[in-house]
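Coordinate analysis (summary)
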There are 2 protein chains.
Amino acid sequence: MDIPSFDGWTCPLPLKNYPTIVMGHGAGGKMMNDLIRHLFAADFHNDLLAQLGDSTALELSAFRDQRLAFSTDSFVVSPLFFPGGDIGELAVNGTVNDLAMSGAMPLFLSAGFILEEGLEMETLGRISASMARACEIAGVQIAAGDTKVVERGHGDGVYINTTGIGVIPAGVDIAPTNARPGDLIIVSGTLGDHGIAIMSVREGLGFESEIKSDTAPLNGMVAEMLQVKGGHKGTPIHCLRDATRGGLSAVLNELAVASNVGIEFEEEKVPVRPAVNAACEMLGLDPFYIANEGKLVAFVLETVAEEILAVMRNNEHGKNAVIIGRVTDEHPGLVVARTMIGGSRVVDLPAGELLPRIC
Amino acid sequence: MDIPSFDGWTCPLPLKNYPTIVMGHGAGGKMMNDLIRHLFAADFHNDLLAQLGDSTALELSAFRDQRLAFSTDSFVVSPLFFPGGDIGELAVNGTVNDLAMSGAMPLFLSAGFILEEGLEMETLGRISASMARACEIAGVQIAAGDTKVVERGHGDGVYINTTGIGVIPAGVDIAPTNARPGDLIIVSGTLGDHGIAIMSVREGLGFESEIKSDTAPLNGMVAEMLQVKGGHKGTPIHCLRDATRGGLSAVLNELAVASNVGIEFEEEKVPVRPAVNAACEMLGLDPFYIANEGKLVAFVLETVAEEILAVMRNNEHGKNAVIIGRVTDEHPGLVVARTMIGGSRVVDLPAGELLPRIC
């Protein structure tokens, strides 16, 4: 199985007596202190965590008059390690991306761990190291943390909540209600990779070697996109959404309803890897409904759409970006896909479960 | 059993088809939207959640130049309802209190739910309503949320992460490293109530009628305490800590180490309810190690300690406040309890598990 490779993980000496997590690691005493100090604080080391307070004081006066972005996400993905990533990296990138989707520069994350008794210390160590690396890449700091332990059979190894704070640059006004007829719709790359990567490894479908999760931080690309100016409101980017649970169809449906506009896109323009398409056909799934963890959908002013597209294609996380459709004043609230042969169909919000525990 | 009483809970009509949580409630489609819209958004309704974005934009320019406080806590308490409270109220008060312990005015919370398949919708409904009520009492808003569902046998009904943002008033400088020899140590009321309330109901010990959790928001009392002026640094309150996991002994040990000072207190001055004392004796537990959810420990300048004490006693959450000891420059890092008969003992940090899943 093509799981991510790690440098050899070395157990910190004070934790050597505990090959696995036990209930005491969550009980507020010396064992919990050891775990936090020698594992998490060592991996996430920064001056903020060194405050050791019940809460962490953040200095944001450099950003006075700017709005904050605030977002939370719990991660329960199964398995914990999958082709292209792991729950730790996902937990960092997921919240970084949610912040970036309001145009914010992500700054601080909290990390809340719910550990299951019996979790191997090495597994936790690798996840913690992966989070630290992802934070470094995304340029964020873990500024607050919490650890709880539940009995065997009441968790699944580790669940992670990350909650993030970012700063929204002055003049940026990106919101689900901002789509306007005429806006063009860009997707930043191939869809369905994350969901199919998870399904493949979970169900033993044998696609693992071909399909990797696309988990990636998108804040850098968003910052570049925001440099493109245009429109009377200052920013020509009206809506941004990362296409996670529910995939492209959930994003388009939510924005169509929130902005009370219609959406039309051309099916064959949506980039999907051949291997993902093949897996979807075999599983009876529609790639438009599959979760992504490193792809965004942007609704932008028509006049600068090509310029924004060029900026995206210049970024490693947007090199396959493409315009797939447009916003219309017809059929408000509805998302319509046009097919190559001239037909059209309504793309509805998925009802319930497609792929459980995908993130 | 004396569990908290609720008004009759009425299931919102669009959720009637789901007496219990199913996997689809976490899958990003229509079912999840229904749950969020008709349960959580209805209970927590505010303009912030109405933004419906991947992240929520917060306007904090009224607090320019003030530092932010940031804190996270996951709640895995078992059982979900207990004498004096429930997991929802605890999740709000817990993070509100962590913010207040840096002197901050709590403003915004996120709420991340990990629901177990099969959880009764009514149970979730009562917890959600309880959170909403607790937010109203504490004066905070839930500004961001997330819902995940895990399969039966991988959770325990519901786990809740709350992460909070508060604003630290200018001039306030409260930190674990700020304790100074001569500071007096105040506890805000009786200790051990929460932990013993949970233990009683979980183990069927029959103390339930007497002992209730002390879960309460302490931010109001802290704001009043901060009105007392004194000392050259502007604020005479040097350290604040709520005595949760690990109880009084964890707080005193952590502050003694962080500030590199010694701590002495008189055992018999620590207020403990007779019923809690009796339960502790029966269970072989030390009330100084038991978790509280509505009690704080304050290290304050000696000259204004009585004034701060009076302010606390005037508040419903501090009416049993008492000075229990002082900070010394002897035995740095050590906590020593003096007994009535003139003896003394070192009160160490608890090692590991005392009472699992107490919060």
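Note that the structure is a prediction, hence the values are computed from the model and not measured.

Conventions we followed
Starting afresh in each chain, residues are numbered from 1 along the sequence in its written order. Chain labels run from A onward and ligand labels from 1 onward, assigned in the order the entries are written. For a predicted model such as this one, the threshold for reporting local features is a pLDDT of at least 70, and the threshold for listing and counting side-chain atom pairs is 80 or more; totals across whole chains, interfaces and linings nevertheless cover every residue. To get the side-chain values, all heavy atoms of the structure are used, and hydrogens and water are removed first. DSSP bridges decide pairing: two strands pair if at least two such bridges lie between them. Here a strand is any run of E in DSSP of at least two residues, a helix any run of H or I of at least four, and the numbering for each starts at the N terminus. A fitted line through C-alpha atoms represents every axis, and for helices the fit uses only the stretch in contact; the resulting angles, taken between N-to-C directions, go from 0 to 180 degrees. Relative accessibility decides the category of a residue: with a 1.4 Å probe and only protein chains considered, values under 20% of the type maximum give buried, values over 50% give exposed, and everything between is partly exposed. We define a polar contact as two N or O atoms separated by no more than 3.5 Å, with the added condition that, inside protein, one atom must be a possible hydrogen donor and the other a possible acceptor, whereas residues neighbouring each other in sequence contribute only through side-chain atom pairs. Only heavy atoms matter for contacts: two residues are in contact if any of them lie within 4.5 Å across the pair. Joining two parts hides part of their accessible area as seen by a 1.4 Å probe, and the buried area is that hidden amount summed over both. The term salt bridge refers to a pairing of a side-chain nitrogen on Lys or Arg with a carboxyl oxygen on Asp or Glu at a separation within 4 Å. What the arc covers is the set of directions going from the helix axis to the C-beta atoms. Least-squares fitting of one copy onto the other uses the C-alpha atoms of those residues that reach a pLDDT of at least 70 in both copies. The split of the chain into domains comes from an automatic or database domain assignment. Only Asp, Glu, Lys and Arg are considered charged in this grouping, and only Ala, Val, Leu, Ile, Met, Phe, Trp, Tyr, Cys and Pro are considered nonpolar; every other residue, Gly among them, is considered polar. In summary, the pairing rule links any two rings of Phe, Tyr or Trp, Trp by its six-membered ring, whose centres are within 6.5 Å, and it sorts them by plane angle into stacked for under 30 degrees, edge-to-face for over 60 and tilted for everything else.

Attention shifts here to the sheet that holds strand β13 (residues 335-338) of chain B. Residue and element names in this part refer to chain B. Reading across from one edge, β9-β11-β8-β12-β10-β13-β14 is the order of the 7 strands in this open sheet, with mixed pairing throughout. Each of the sheet's edge strands pairs with one partner strand only, and the pair in question is β9 (237-242) and β14 (344-346). Going across the sheet, the axis of each strand differs from the next one's by a mean of 25°, ignoring polarity. Pairing of strand β10 (residues 262-266) with β13 involves 4 bridges; the strand directions are parallel. By the bridge assignment, Glu-264 is partnered in β13 with Val-336.

With that settled, consider the sheet that holds strand β5 (residues 105-116) of chain B. Across the sheet, 5 strands lie side by side as β1(A)-β2(B)-β7(B)-β5(B)-β6(B); this open sheet has mixed pairing. Both outer strands of the open sheet, β1 (56-58) of chain A together with β6 (141-150) of chain B, are each paired with one neighbouring strand and no more. Looking at each pair of strands side by side, their axes are set apart by 20° on average, direction ignored. Where β5(B) lies against β6(B), 9 bridges are found, and the strand directions are parallel.

All names here are of chain A. Checked against the element boundaries, Asp-214 lands in the loop between α4 (193-203) and α5 (219-225). Under the relative-accessibility criterion, Asp-214 is labelled buried at 10%. Among the polar contacts made by the side chain of Asp-214, one reaches the main-chain amide nitrogen of Gly-294 at a distance of 3.3 Å. Apart from residues no more than four positions distant in its own chain, Asp-214 is found in contact with Thr-190, Asp-193, His-194, Asn-292, Glu-293, Gly-294 and Lys-295.

Our focus in this paragraph is the interface of chain B and chain A. If you look at the interface, chain B gives 77 residues, while chain A gives 77 residues. Taking both partners together, chain B and chain A bury about 6,000 Å²; carbon and sulfur atoms supply 56% of that area. On the chain B side of the contact with chain A, B:Asp54, B:Phe70 and B:Arg245 bury the most area, a combined 14% of that side's loss. Counting the contacts that link chain B with chain A gives 8 salt bridges. Note that B:Asp146 and A:Arg245 form a salt bridge whose closest N and O atoms lie 3.0 Å from each other.

Residue and element names in this part refer to chain A. If you check which residues of helix α8 (residues 305-313) are buried, you get Ala-305, Ile-308, Leu-309 and Met-312. Looking down the long axis of α8, one finds its buried residues gathered within 105° of arc, a one-sided arrangement. Tucked inside the fold, the buried residues of α8 contact β8 (184-187), α5, β9 (237-242), β11 (296-300) and β12 (322-328).

By secondary structure assignment, the location of B:Thr163 is in strand β7 (residues 158-168). It is 9.5 Å that separates the C-alpha atoms of B:Thr163 and B:Leu99, two residues lying 64 residues apart in sequence. Sequence-distant contacts of B:Thr163, defined by excluding residues within four places in its chain, comprise A:Phe70, A:Ser110, A:Asn161, A:Thr163, B:Phe70, B:Ser71, B:Thr72, B:Thr95, B:Phe108, B:Leu109 and B:Ser110. Within the structure, B:Thr163 has its side chain in polar contact with the side chain of B:Thr72 (distance 2.8 Å). There is a polar contact of 2.8 Å between the side chain of B:Thr163 and the side chain of B:Asn161.

This part takes up the pattern of salt bridges. In total, this model carries 32 salt bridges over all chains according to the counting rule given. The closest approach of N and O atoms between B:Lys148 and A:Asp73, which form a salt bridge, is 2.7 Å. You can see B:Lys148 sitting in strand β6 and its partner A:Asp73 sitting in strand β2 (residues 67-75), one on each of two chains. When its relative accessible area of 10% is taken as the criterion, A:Asp73 is described as buried. A salt bridge links A:Glu254 to A:Arg241; the nearest nitrogen and oxygen atoms lie 2.8 Å apart. Of this pair, A:Glu254 sits in helix α6 (residues 247-259) while A:Arg241 sits in strand β9; the two residues are 13 residues apart in sequence, bridging distant segments of the chain. When salt bridges with common partners are traced through the structure, they connect A:Asp73, A:Arg245, B:Asp146 and B:Lys148 into a single cluster.

Bringing the relation of the copies chain B and chain A into the picture now. Note on the copies: chain B fits chain A at an RMSD of 0.0 Å, the axial shift is 0.0 Å, and the rotation between them is 180°. Here the copies are linked by what is in effect a two-fold axis. Most of the interface of chain B is mirrored in chain A, where 100% of its interface residues are also at the interface.

Residues and elements named next belong to chain A. Each assigned domain of chain A is listed with its residue range as follows: domain 1 (13-168) and domain 2 (184-346). Look at where the C-alpha atoms of domain 1 and domain 2 centre, and you get two points 28 Å apart. For the pair domain 1 and domain 2, the summed buried surface comes to about 1,700 Å²; carbon and sulfur atoms form 63% of the total. Of all residues in domain 1, Pro-83, Asn-97 and Met-101 give up the largest surface area on contact with domain 2, accounting jointly for 36% of the area buried on that side. When contributions to the side of domain 1 that touches domain 2 are tallied by element, the ones reaching two or more residues are α2 (87-100) and α3 (121-138). No other element matches the 8 residues that α2 contributes to the side of domain 1 that touches domain 2. Looking at the side of domain 1 that touches domain 2, its residues break down into 11 nonpolar, 7 polar and 2 charged.

Below, the discussion takes up the packing of aromatic side chains. All names here are of chain A. In this structure the tally under the stated criterion is 6 aromatic pairs over all chains. Ring centres of Phe-40 and Phe-113 lie 4.2 Å apart, and the angle between their planes is 10°; on these two criteria the pair is classed as stacked. Pair noted here: Phe-40 is in helix α1 (residues 30-43) and Phe-113 is in strand β5 (residues 105-116), with a separation of 73 residues, a long-range link. When its relative accessible area of 2% is taken as the criterion, Phe-113 is described as buried. Arranged with centres 5.4 Å apart and planes meeting at 65°, the rings of Phe-265 and Phe-288 form a pair that is edge-to-face. Here Phe-265, found in strand β10 (residues 262-266), pairs with Phe-288, found in the loop between α7 (274-283) and β11; they are 23 residues apart in sequence, far enough to count as distant. Taken individually, Phe-265 and Phe-288 each receive the classification buried, so the pair is uniform in this respect. Linked through ring pairs, Phe-40, Phe-44 and Phe-113 together constitute an aromatic cluster.

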